[in-house]
Protein chains: 2
Amino acid sequence: MHFAAILPLQSGASIRDYSLHYETYGTLNAAKSNAVLICHALNASHHVAGVYAGQTRSEGWWDNMIGPGKPVDTNQFFVIGINNLGSCFGSTGPMHVNPDSGRVYGANFPVVTVEDWVNAQARLLDVLGIQTLAAVMGGSLGGMQALSWTLQYPERVAHAVVVASAPNLTAENIAFNEVARRAIVTDPDFHGGHFYEHGTVPKRGLRIARMIGHITYLSDDVMNEKFGRQLRAAVRRDDAGGGTAHEAANAGAYRYSTQDIEFQIESYLRHQADKFAEYFDANTYLLITRALDYFDPARTYGGDLSHALARASCKFLLVSFTTDWRFAPKRSREIVKALLDNRRDVSYAEIDAPHGHDAFLLDDPRYVNVVRSYFDGIAKAVGGNP
Amino acid sequence: MHFAAILPLQSGASIRDYSLHYETYGTLNAAKSNAVLICHALNASHHVAGVYAGQTRSEGWWDNMIGPGKPVDTNQFFVIGINNLGSCFGSTGPMHVNPDSGRVYGANFPVVTVEDWVNAQARLLDVLGIQTLAAVMGGSLGGMQALSWTLQYPERVAHAVVVASAPNLTAENIAFNEVARRAIVTDPDFHGGHFYEHGTVPKRGLRIARMIGHITYLSDDVMNEKFGRQLRAAVRRDDAGGGTAHEAANAGAYRYSTQDIEFQIESYLRHQADKFAEYFDANTYLLITRALDYFDPARTYGGDLSHALARASCKFLLVSFTTDWRFAPKRSREIVKALLDNRRDVSYAEIDAPHGHDAFLLDDPRYVNVVRSYFDGIAKAVGGNP
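Residues numbered from 1 in each chain as written. Chains lettered and ligands numbered in written order. Predicted model: local features only at pLDDT ≥ 70, side-chain atom pairs only at ≥ 80, totals over all residues. Heavy atoms only, no water.

## Some thoughts on the sheet that holds strand E11 (residues 159-163) of chain B
Residue and element names in this part refer to chain B. Pairing in this open sheet of seven strands is mixed, and the strands run E5-E9-E6-E10-E11-E14-E15 from one edge to the other. Taken across any chain shown, the strands that pair with only one partner, and hence form the sheet edges, are strand E5 (22-25) and strand E15 (346-351). With direction set aside, neighbouring strand axes in the sheet form an average angle of 15°. Strand direction decides the pairing type here: strand E14 (residues 315-321) and E15, joined by six bridges, are parallel. Looking at E15, one finds that Leu318 is bridged to Tyr348. Sheet strands touched by helix H1 (residues 114-128): E5, strand E6 (35-39) and strand E9 (78-82). Its angle to E9, the strand with the most contacts, is close to 135°. Of the strands in this sheet, E6, strand E10 (135-139), E11, E14 and E15 touch helix H11 (residues 365-382), which is tilted by about 175° from E14. (Pairing = 2+ DSSP bridges. Helix = DSSP H or I, 4+ residues; strand = E, 2+ residues; numbered from the N terminus. Axes fitted to C-alpha atoms, helices over the stretch in contact; angles between N-to-C directions. Contact = heavy atoms within 4.5 Å.)

## Observations concerning the interface of chain A and chain B
Contacts between chain A and chain B engage 65 residues on the former and 65 residues on the latter. Both faces considered, chain A and chain B share a buried interface measuring about 5400 Å² in area, 60% of it formed by carbon and sulfur atoms. Area buried by chain A at its contact with chain B is led by Arg229, Tyr256 and Arg299 of chain A, which between them contribute 14% of it. Here chain A and chain B share 10 salt bridges between them. A salt bridge links Glu266 of chain B to Arg181 of chain A, with the nearest nitrogen and oxygen atoms 2.7 Å apart. Linking chain A with chain B are 28 residue pairs in polar contact (both at pLDDT 80 or more). Broken down by secondary-structure element, the contributors of at least two residues to the side of chain A that touches chain B are helix H3 (171-185), helix H5 (203-217), helix H6 (220-226), helix H7 (264-279) and helix H8 (282-294) of chain A. The element contributing the most residues to the side of chain A that touches chain B is H3 of chain A, with 11 residues. (Buried area = accessible area lost by both parts, 1.4 Å probe. Salt bridge = Lys/Arg side-chain N within 4 Å of Asp/Glu carboxyl O. Polar contact = N/O pair within 3.5 Å; in protein donor to acceptor, adjacent residues only side chain to side chain.)

## Observations regarding the relation of the copies chain A and chain B
Overlaying chain A on chain B yields an RMSD of 0.0 Å, the required transformation being a rotation through 180° with an accompanying axial translation of 0.0 Å. Taken together, the rotation and translation describe the operation of a two-fold axis. Most of the interface of chain A is mirrored in chain B, where 100% of its interface residues again form contacts. (Least-squares fit on C-alpha atoms with pLDDT ≥ 70 in both.)

## With respect to empty space enclosed by the protein
One simple way to see leftover space: roll a probe sized like a water molecule over the atoms. The full count for this structure, using the stated rule, is six cavities of 30 Å³ or more. Empty space within the largest cavity amounts to approximately 120 Å³. Along the walls of the largest cavity sit 14 residues, with Ala183, Thr186 and Arg204 of chain A together with Ala183 and Thr186 of chain B positioned nearest its centre. At the level of secondary structure, the elements contributing two or more residues to the lining of the largest cavity comprise H5 of chain A together with helix H5 (203-217) of chain B. Tallied by class, residues from the lining of the largest cavity come to six nonpolar, four polar and four charged. (1 Å grid on protein atoms, 1.4 Å probe; cavity = no way out; pocket = protein on both sides within 12 Å on 5 of 7 lines; lining within 4 Å. Points joined across faces, edges and corners; volume = space filled by probe spheres on them. Nonpolar A, V, L, I, M, F, W, Y, C, P; charged D, E, K, R; others polar.)

As structure tokens, then:
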């Protein structure tokens, strides 16, 4: 969807002639009362559910949660996924041409915030004729957008589902983001953010950023369970069969190298890093991590989150995961407390899952059932799809 | 101290004609029974205590713990600090010339392990005529060396003090090391580890490595307390006084930049990173993080730590810190349990300190008093200095 009109941004800058990529699932009912907006996190997109015809491994990033008969049931709800402004999956971003200068934005793409994304999403819903959302839902940074919806457009949201999120980043969260940004910005191929013109990609920096990210998405326990201190499997020539066979390196087989892969965890991280550097935009990484850093609805209320959330009038479901050390349960509890201080209707599930922050994308049955029953309740109230 | 003889290394390689920088404090008694070896961690050195005459800010890295009248009292003990082989503070390392090739070692410096360091330390003690250590002591990686002493030379150690350490690294620990190494190795100025010949230093990589390290040394809580979400102080021209004054940026003053420093935590990390990149050797960083990765005394016992520690015969003091998430208390407890399984004499203090891993270098009075009283006991047994 193209937007010619200027969108004022929180920074004081603005953007015009931008497009937002979006997908919808299910059918909008006549009353336009069954819309659910799904907000995405750092490296996800508008493609939240389903597959693209003829494309293998094209499942949406929340396909386990959203679809016909799934917890967010697209037989009942009209689900909308929007790629955020500044991202790199179709919506206008740093790799596109700035209509004011006629040159690719690069590092000059305006800084966007969670609040800006919510405003842009609201404009898209305006065009679709959707005044009120049955629910807005997101995990991690997506949960911040869901929370911000309830503050920026309280009259347009009936329910907010905020998963594995936080009312702002801690110093440690910001620190990890900053290391990732420094890795990207100091990569000689970054060229001050104008690498497109140089035909380069700061892949070294993107790889480091992704490795850091991955470590913080997983719990210590699940990393030990999946990888532990296991050495990289050696590829052994099977002379009898003529093929190759993988053989776990045995206890005597340290390679004694500082640069070669020695442990499975190293192999995994390098692989994830290489994949990510092939498709993700470096300027987008900077923009999105900064949006995370900046989000802090209590800030203009002297740090008083209860005061900040007084504007919210919808009902809430919050979910956190015990082993999530990136956005720990205590951060979700801060939101729950602030909402209860305002006598809001809040459900809260703290799921004892081993997977760390990544749990919000996984299939823990208790988690999935909590979301399912919450949306079943919404469907009954909405009347669902005629 | 120079060593002409070949030192066989765990990897199967060896090194000859190497030197170890060391310092001693206090006086060795006639019985040579009051020697205490202090083992250093990643970025520390042989300079464990005292100051260099005429040099400001030249305090040894454990000067709060070691010295006349201090917990490790150099009026009682003869304390020895040795810079480990492969480090960059005077002992033979990657920046020195390989006598076999006549060229600077660079990335060809042999991989060294905790066990190799202990062997090298033992040879130095041989030359000093010290057969038995009253105690060996270290924190973090230094604690691993202390533990390894009790296994490699059980008959030469009376007491081992192992602080904020672990019986091996977890997958997450290895992962953080690997990201740091990748940042260094993929810095174009690294030149495959032979950057000395190119007149460059891979400072970008070293900076990233140091930032990651710093985050893992601090607890989330102490980071929030020290930095929180505080914005970088603006330097304000004080027209009245003609000087400058620092002014905390107020709540309205986001700069909205992806590359400039916005938060105090960013400023702190960049400053630490810049300092580190000026003095630390990149190849040493690789070697020392690998020594951490490889340490795993239970490995040759099928992962059975109790079996592995059966060789130890000395008495032990272990100390851990509740907020240390790099080497968490549960890792120290694994060592304690394995020693108790062998009916060894073990004291264990789990200190409720807020500072994270860095606590082992700080002045928590409970921690300092535990160490003091333990060494007081050793001094009584040894008879101290005549």
